[in-house]
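Topology and contacts: notes
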Amino acid sequence: MTNQDPQELLKLKHAQDEQKRQFTNFARNVSSDGEVEAGQEFSVDRVPDDQNRMKSVENKRT
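To keep things clear, this report deals only with the structure shown in the data block.

What counts, and where the lines are drawn
Residues numbered from 1 in each chain as written. Predicted model: local features only at pLDDT ≥ 70, side-chain atom pairs only at ≥ 80, totals over all residues. Heavy atoms only, no water. Helix = DSSP H or I, 4+ residues; strand = E, 2+ residues; numbered from the N terminus. Buried < 20%, exposed > 50% of the residue type's maximum accessible area, 1.4 Å probe, protein only. Areas by Shrake-Rupley, 256 points an atom, 1.4 Å probe, with all protein chains shown as cover. Salt bridge = Lys/Arg side-chain N within 4 Å of Asp/Glu carboxyl O. Patch = residues over 30% accessible without salt bridge, like charges linked within 9 Å, V, L, I, M, F, W, Y side chains within 5 Å.

1. Observations regarding the overall build of the protein chain
Along the backbone of the protein chain there are two helices and zero strands. Within the protein chain, buried positions represent 0% of all 62 residues. Accessible surface, the protein chain as shown: approximately 6600 Å² in total, 52% of it carbon and sulfur.

Following this line, the structure appears as structure tokens:
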């Protein structure tokens, strides 16, 4: 088993998180005016799911 420095691992994680954040911002900026892929658009005619809603209400009671 290798002995890894927790501080070094934390620095690497922060660097990866920053890269992910930058990429996400870039992707959002590039695709903001683009066409949405099929299935990704927001549907305004969606019927609420009563079963899941009721399950949520039931879980909140317990």
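2. A closer look at the pattern of salt bridges
Under the criterion given, the structure shown has two salt bridges. With a shortest N-O distance of 2.7 Å, K13 and D17 are connected by a salt bridge. Taken as a pair, K13 and D17 lie in helix α1 (residues 6-31) at a separation of four residues, close to a single helical turn. Classification of D17 as partly exposed rests on a relative accessible area of 33%. Note that E18 is salt-bridged to R21, the shortest N-O span being 2.5 Å. Here the residue E18 and the residue R21 both occupy positions in helix α1, the gap between them amounting to three residues, near one helical turn. According to the relative accessible area criterion, E18 is partly exposed, its value standing at 33%.

3. A closer look at a nonpolar patch on the surface
A surface patch of nonpolar side chains, about 360 Å² in accessible area, is lined by F23, F26 and V30. Mapped onto the elements of the fold, V30 is located in helix α1.

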